[in-house]
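Take a look at the letters that make up each chain.
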Amino acid sequence: MTNTVYVTRKLPEEAVAELRASCKVRMWDKEEDVVPREVLEKEIATADGLLSMLTDPIDEDLLKSAQNLKAISQMAVGHNNIDIEAASARQIAVLTTPGVLTETTADLTFALLMAVARRIPEAERFLKKGDWTTWSPMLLTGADVYGATLGIIGLGRIGEAVAKRAKGFSMDVVYHSRSRKPEKEARLGLRYGSMDDVLAQSDYLVLMIPYSKETHHLIDADAIKKMKPSCFLINTARGDIVDEKALYDALVSGDLAGAGLDVFAQEPVPTSHPLLTLDNVVALPHIGSASVTTRRKMATMAAKQLVQTLHGERPPTLINA
Ligand code: DGY
């Protein structure tokens, strides 16, 4: 019998074609609106496969109505929107799209670091407002990236790709992760440190870990106290890893120099959010992996591995094997 798959957002045609080749495809045909809960509930009740986005809360209640569902393939590497335990309990395979977005996300992480360090958005606003009257010695001076210490929390694929870029800027790179990575240390010239070492030594601190109960508010007021007041925090992982209230307080009091944020506890972040009022915050709308090529690769990969799983294969990106 032909499998039915439900796709929760309009995808590039080549990805949909992968699905159509062997499945009956239904799709929430909108690019910029999240599928409403009631629509998802109805669709998931009869679908064999689901191609989901990080914006879809896939919880136990939703999965209760999924009678035929065998696989969820998410177009993202993060999967904190999916209740993995509930999926596993129902023998629903969950797949993600690691690998294809590594370099693009590392590029954006570095771009954000440089933007906040050198005050690029602020400088552009200044120029476009007509405030530029003359070159002057200390106008819009920022912090050096070259030669500074970069702290990386989490040395997975993207963390490693950020470390490589940092080496190109002659940065001293210190990292912390659950387990030490001697091969990467030697190959890339990285130092390992405890969490406290990394917090204390970083001129730039980059978060490269997934969100989970364990990483919820990892960067809170206590962690910030251990950081240099001249440090910049860069978050392209998940918003809830940072206590945003503590971050705001530190940025206002001068206990941190600035922040580059691509992710927020609530997305879309309300434009009235206090963090968005600060000049030392560069804020982006969760675009870490947003290059045309990478988003196409992610969509196609999510589609292909959904089909493979429905045909009884076990793609290597299965996370609840
Ligand atoms: C992910 O993949 O989890 C990113 O947040 C979006 O690419």
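Since this is a predicted model, take the numbers as computed values, not measurements.

## As for helix 7 (residues 157-168)
With twelve residues, helix 7 should cover 16 Å at 1.5 Å per step; its first-to-last C-alpha distance of 17 Å lies within 8% of that length. Of all the positions in helix 7, only Ile158, Gly159, Glu160, Val162, Ala163 and Ala166 are classed as buried. Of the surrounding elements, those touching the buried residues of helix 7 are helix 5 (102-117), strand 6 (149-153), strand 7 (172-176), helix 8 (182-188) and strand 9 (204-207). Looking at the residues trailing helix 7, positive phi occurs at Ser170, about 50°.

## Let's talk about the sheet that holds strand 11 (residues 258-261)
The pairing of strands in a sheet happens through backbone hydrogen bonds and is either parallel or antiparallel. With parallel pairing, the seven strands of this open sheet are ordered in space as 8-7-6-9-10-11-12. Each edge of the open sheet is held by one strand with a lone partner, namely strand 8 (191-192) and strand 12 (281-283). With three bridges joining them, strand 11 and strand 12 adopt parallel strand pairing. Residue pairing for strand 12: Ala259 is matched across the bridge by Val281.

## Here we look at helix 1 (residues 13-20)
Regarding helix 1, the residues found buried are Ala15, Glu18 and Leu19. Considered in projection along helix 1, the buried side chains sweep an arc of 95° and stay on one side of the axis. Of the residues in helix 1, the exposed ones pointing more than 90 degrees away from the buried face are Glu13 and Glu14. Structurally, helix 1 contributes buried residues whose contacts are with strand 1 (3-7), strand 2 (23-27) and helix 12 (292-310).

## A word on the environment of Thr4
Tracing the backbone shows Thr4 in strand 1. Judged by the 16 C-beta atoms lying within 10 Å of it, Thr4 falls in the partly exposed class. As a C-alpha pair, Thr4 and Glu124 span 120 residues in sequence and 49 Å in three-dimensional space. Non-local contacts of Thr4, meaning those with residues more than four positions away in its chain, are made with Cys23, Lys24, Arg26, Thr46, Ala47 and Asp48.

## Quick word on the domain arrangement of the chain
Its domain assignment divides the chain into domain 1 (3-100 + 292-310) and domain 2 (102-283). Taken together, the residues of the side of domain 1 that touches domain 2 sort by class into one nonpolar, four polar and no charged.

## Observations regarding the nonpolar core
Where a protein is soluble and globular, its nonpolar side chains tend to be buried together. Counting 53 residues, the largest nonpolar core has Ile152, Val206 and Phe232 as its most contacted members. Not counting the four nearest positions on each side in its chain, Val206 is found in contact with Thr109, Leu113, Leu150, Gly151, Ile152, Val162 and Ile234. Counting residues in hydrophobic clusters, the runner-up holds 39 residues, among them Val7, Leu50, Leu62 and Leu69.

## A look at the sheet that holds strand 2
The strand order across the open sheet built from five strands is 2-1-3-4-5, with neighbouring strands paired in parallel fashion. The outermost strands of the open sheet, each flanked by one partner alone, are strand 2 and strand 5 (93-95). The average angle at which neighbouring strand axes cross in this sheet is 15°, direction not considered. Of the strands in this sheet, strand 1 and strand 2 are in contact with helix 1, which crosses strand 2 at around 140°.

## Regarding the packing of helix 1 against helix 12
At a minimum axis separation of 8 Å, helix 1 and helix 12 run at an interaxial angle of 5°. Here helix 1 lies roughly parallel to helix 12, going by the angle between them. Facing Glu14, Ala15, Glu18 and Leu19 of helix 1, the residues of helix 12 in contact are Arg296, Ala299, Thr300, Ala303, Lys304, Leu306 and Val307. When its residues are assigned to classes, the contact of helix 1 with helix 12 shows six nonpolar, one polar and four charged.

## Things to note about the pairing of strand 10 (residues 232-235)
A regular strand places its side chains on the two faces of the sheet in alternate fashion. Both faces of strand 10 are covered, namely the face carrying Phe232 and Ile234 and the face carrying Leu233 and Asn235. Looking at chain direction, strand 9 and strand 10 are connected through four bridges and run parallel. Looking at the pairing, Val206 lines up with Ile234 of strand 10. Inspection of the sheet shows strand 10 paired to strand 11 by four bridges, in the parallel sense. Each bridged residue has a counterpart across the sheet, and for Asn235 the counterpart in strand 11 is Leu261.

About the cut-offs
Sequence order sets the numbering: in each chain, residues are counted from 1 along the sequence as written. Per-residue local features are limited, in this predicted model, to residues with pLDDT of at least 70; the limit for side-chain atom pairs, both in listing and counting, is 80 or more; totals at the level of whole chains, interfaces and linings are taken over all residues. Strands here are runs of E lasting at least two residues and helices are runs of H or I lasting at least four, both read from the DSSP assignment and numbered beginning at the N terminus. Multiplying 1.5 Å by the helix residue count minus one yields the expected span of that helix. The burial criterion counts other C-beta atoms lying within 10 Å of a residue's C-beta, which is placed from the backbone; the residue is buried at 20 or more, exposed at 12 or fewer, and partly exposed between these limits. We call two residues in contact if the C-beta atoms placed from their backbones are at most 7 Å apart. At least two bridges found by DSSP between two strands are what make those strands a pair. It is the directions from the helix axis to the C-beta atoms that the arc portrays. Those domain boundaries reflect an automatic or database domain assignment. Residue polarity follows a fixed list, in which Ala, Val, Leu, Ile, Met, Phe, Trp, Tyr, Cys and Pro are nonpolar, Asp, Glu, Lys and Arg are charged, and the others, Gly among them, are polar. Each nonpolar core comprises buried Ala, Val, Leu, Ile, Met, Phe, Trp, Tyr and Cys residues, the members being joined through C-beta atoms within 7 Å. Angles shown run from 0 to 180 degrees and are taken between the N-to-C directions of axes, each axis being a line fitted to C-alpha atoms and, for helices, limited to the stretch in contact. Every angle not falling under 35 degrees, over 145, or within 65 to 115 is termed oblique; those three ranges are roughly parallel, roughly antiparallel and roughly perpendicular.

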